[in-house]
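Next come the chains, spelled out residue by residue.
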Amino acid sequence: LYNTVGTIFYCFCQWLTSAFLVVHLSPEDISVSNTGLLQLSISVTNIFYSISLYSTRTYQISDIDNKYSDGIYIATRFVTAVFATLLCLVYVLIIGYSAKSVICIMFYMLYKLSETFSDVYHGIDQKNYRMDYVGISYILRGIFSVIAFVLVIVVTGNVLAAVFAMAISTLAVVAIYDVRCSAKLCSVKPVFEKKPIATLLVTCFPAVISTAAFAATTSVPRQILEGMRGEEALGYYGTIATPLVVVQVMATSIFNPMITQIAEFYHDGKIRNFIKMTFRNLLELAAISGAVCVGVALLGEFAVGIVFGKKFVEYTYLMYGIIACTTMYVVSWLCTNYLIIMRKMWVCTVASLAALATSSLLAKPFINRFGMNGVSYSIIIAYVIHIAICGVIICKNLKARGKSLELQ
């Protein structure tokens, strides 16, 4: 409950800064372009944020035999964070974004690092069944990020300075709150031992390629939209999309604490319990998505007009495709976590690369044919391919696990 409430609150705060507040606190003539700039920063940094996470969270909480110490996981996160940040800088310089875009992207990457570092401490908390620490962390980071963003953009009128202030405030929460909470459960001193860190990096490498490709499956079509139609088009699409992340956040915040139990079911050979919990998760996801669709049908245009202004109302139709995108994302995310628990990281890599290739190839012709909805359609098809590949291997692995236990 703490995790769910905290995650939803934090997501709401992210929506406030990246859509609502930047639209209403920016000068009228650049409000949409400022929103597009933030959406571009989000799209680019999501790829490198996933690299900084290095897909170790699920591996960490499913490390029931404690193959690696908490200090190793923390030290590894420092290594991946530095590497991902440098990689992000190289990427934006090679692509040739404007100086303003580069600065905004790198400041937003700094903000995402607060999530990178909090994630490894949250893994410690989750493994010790202290998700209350996690939920409170989300709430604190949400509050401080909004306060910092509002104060700076109101005083300076500069969205770049506002993003930087947001980054510093959330990093401070991680240093002051998250580290101290995890320290109650174990030693949080990073252990920089080359061999175990290298082994962990090699073990999770297929998963990190998978996660980066998985993030790019959504980000690349958005970047293609920005390249084809400009920052304003991405600003409209991204602004309409941000409220619907509620589907993704509600589902993943409900399912994420269950990953620990799913891992235990698989480890102990309780396949029926594994399957029952999976079906329950999918039914809950269907209920959430259905409720959101009904809400959009009844109040979509009215709500968009009140929250964002009349100029966004004509783009309300984009919501239905985005709901489908976020729903398919959650199913794909669940499949990925299952495969990591099963230690089938290579399957995640193949599935994610296939999805990335699909969305990248389809984005441009789909945007030309369907307009902004082309972004959503290309992503939906990509996720269907991802789920199909993962689903086949998950089913085979569960059957094999069940037979091996019967023989024992």
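See the structure shown above.
Let us look at the structure shown here. (Residues numbered from 1 in each chain as written. Predicted model: local features only at pLDDT ≥ 70, side-chain atom pairs only at ≥ 80, totals over all residues. Heavy atoms only, no water.)

1. Focus: the overall build of the protein
Argument step 1. Counting its regular elements, the protein contains 16 helices and 0 strands.
Argument step 2. Taking 22 Å as the expected radius of gyration for a compact globule of 408 residues, we find that the protein reaches 21 Å, a close match to that expectation.
Argument step 3. C-alpha extents for the protein along the principal axes are approximately 70 × 45 × 40 Å.
Argument step 4. Looking at the protein as a whole, 57% of its 408 residues are labelled buried.
Argument step 5. Pairs at least 24 apart in sequence give 84% of the contacts found in the protein among residues at least 6 apart.
Argument step 6. Put simply, the protein shows about 17100 Å² of open surface, and 69% of that area lies on carbon and sulfur atoms.
Argument step 7. Once the 29 positive and 20 negative side-chain charges of the protein are each reduced to a mean point, those two points are 7 Å apart. (Helix = DSSP H or I, 4+ residues; strand = E, 2+ residues; numbered from the N terminus. Rg over C-alpha atoms; globule rule 2.2 N^0.38 Å. Buried < 20%, exposed > 50% of the residue type's maximum accessible area, 1.4 Å probe, protein only. Contact = heavy atoms within 4.5 Å. Areas by Shrake-Rupley, 256 points an atom, 1.4 Å probe, with all protein chains shown as cover. Lys, Arg positive; Asp, Glu negative; His and termini not counted. Charge placed at Lys NZ, Arg CZ, Asp CG, Glu CD.)

2. Details of the packing of aromatic side chains
Argument step 1. Evaluation of the coordinates by the stated rule reveals 18 aromatic pairs.
Argument step 2. Arranged with centres 4.9 Å apart and planes meeting at 50 degrees, the rings of Phe-78 and Phe-117 form a pair that is tilted. Residue Phe-78 is found in helix α4 (residues 70-95), and its partner Phe-117 is found in helix α5 (residues 99-127); the two are separated by 39 residues along the sequence.
Argument step 3. Assessed through its relative accessible area of 33%, Phe-78 is described here as partly exposed.
Argument step 4. With a centroid separation of 4.8 Å and 55 degrees between ring planes, the pair formed by Phe-274 and Tyr-338 is classed as tilted. Taken as a pair, Phe-274 in helix α12 (residues 271-308) and Tyr-338 in helix α14 (residues 318-341) lie far apart in primary sequence, 64 residues in all.
Argument step 5. Looking at Tyr-338, the relative accessible area reads 4%, which means it is buried.
Argument step 6. Here the aromatic cluster, defined as three or more aromatic residues joined through ring pairs, consists of Tyr-59, Tyr-68 and Tyr-73.
Argument step 7. We note Arg-141 situated over the ring of Tyr-10; from NZ or CZ to the ring centre the distance is 4.9 Å.
Argument step 8. Between the NZ or CZ atom of Arg-343 and the centre of the ring of Tyr-59, over which it lies, the distance is 3.9 Å. (Phe/Tyr/Trp six-rings, centres within 6.5 Å; stacked < 30°, edge-to-face > 60°. Lys NZ or Arg CZ within 6 Å of the ring centre and 35° of its normal.)

3. Focus: the packing of helix α9 (residues 231-241) against α14
When two helices pack together, their arrangement is given by the angle between the helix axes and the distance between those axes.
Argument step 1. At a minimum axis distance of 9 Å, the contact between α9 and α14 shows a crossing angle of 65 degrees. Like other packed secondary-structure pairs, α9 and α14 cross with a definite hand, here right-handed. Every residue of α14 that contacts α9 at Tyr-237, Ile-240 and Ala-241 is listed here: Leu-318, Met-319 and Ile-322.
Argument step 2. Within the contact of α9 with α14, the residues separate by chemical class into 6 nonpolar, no polar and no charged. (Axes fitted to C-alpha atoms, helices over the stretch in contact; angles between N-to-C directions. Left-handed = near helix turned anticlockwise from the far one by under 90°. Nonpolar A, V, L, I, M, F, W, Y, C, P; charged D, E, K, R; others polar.)

4. Observations concerning the environment of Phe-265
Argument step 1. In this structure, Phe-265 sits in helix α11 (residues 258-268).
Argument step 2. Residues Phe-265 and Leu-160, spaced 105 residues apart in sequence, show a C-alpha to C-alpha distance of 46 Å.
Argument step 3. Filtering out sequence-adjacent residues up to four positions away, Phe-265 remains in contact with Lys-270, Asn-273, Phe-274 and Met-277.

5. Some points on the side chain of Thr-217
Argument step 1. Within the secondary structure, Thr-217 is located in helix α8 (residues 194-229).
Argument step 2. Leaving out residues up to four positions away in the same chain, Thr-217 has contacts with Ser-352, Ala-355, Leu-356, Ser-359, Ile-379, Ala-382 and Tyr-383.

6. Quick word on helix α7 (residues 159-183)
Argument step 1. In this model α7 runs 35 Å from its N-terminal to its C-terminal C-alpha over 25 residues, within 8% of the 36 Å that 1.5 Å per residue would give.
Argument step 2. The largest bend along α7 measures about 30 degrees and falls at Val-174.
Argument step 3. If you check the start of α7, you find a side-chain oxygen 2.8 Å away from the backbone N of Leu-160, and it comes from Asn-158. (Expected span 1.5 Å × (residues − 1). Bend = angle between axes of the 7 residues up to and from the residue. Polar contact = N/O pair within 3.5 Å; in protein donor to acceptor, adjacent residues only side chain to side chain.)

7. Notes on the packing of α8 against α9
Argument step 1. Two numbers describe how α8 lies on α9: the axes approach to 7 Å, and their chain directions differ by 145 degrees. Here Arg-222, Leu-225, Glu-226 and Arg-229 of α8 lie close against α9, whose contacting residues are Glu-231, Ala-233, Leu-234, Tyr-237, Gly-238 and Ala-241.
Argument step 2. Classifying every residue of the contact of α8 with α9 by side-chain character gives 5 nonpolar, 1 polar and 4 charged.

8. Comments concerning the environment of Val-350
Argument step 1. Along the chain, Val-350 turns up in helix α15 (residues 345-370).
Argument step 2. Note on Val-350: relative accessible area 44%, which makes it partly exposed.
Argument step 3. Considered as a pair, Val-350 and Ser-210 are 140 residues apart in the sequence and their alpha carbons are 7.3 Å apart.

9. Some points on unusual backbone geometry
Argument step 1. Positive phi, normally seen in glycine, also occurs at Tyr-129, with a value near 55 degrees.
Argument step 2. When you line up the elements, Tyr-129 lands in the loop between α5 and α6 (131-156).
Argument step 3. Overall, the relative accessible area of 54% leaves Tyr-129 in the exposed class.
Argument step 4. Its identity is not glycine, yet Arg-343 carries a phi of approximately 60 degrees, on the positive side.
Argument step 5. When you line up the elements, Arg-343 lands in the loop between α14 and α15.

10. Quick look at the pattern of salt bridges
Argument step 1. Counted by the stated rule, this structure contains 4 salt bridges.
Argument step 2. Measuring nitrogen to oxygen at the nearest pair gives 2.7 Å for the salt bridge that ties Arg-130 to Asp-132.
Argument step 3. Residue Arg-130 is classed as partly exposed on the basis of its relative accessible area of 29%.
Argument step 4. Among the residues examined, Asp-132 registers a relative accessible area of 18% and is labelled buried.
Argument step 5. Within this structure, Arg-57, Arg-77 and Asp-119 form a network of salt bridges that share partners. (Salt bridge = Lys/Arg side-chain N within 4 Å of Asp/Glu carboxyl O.)

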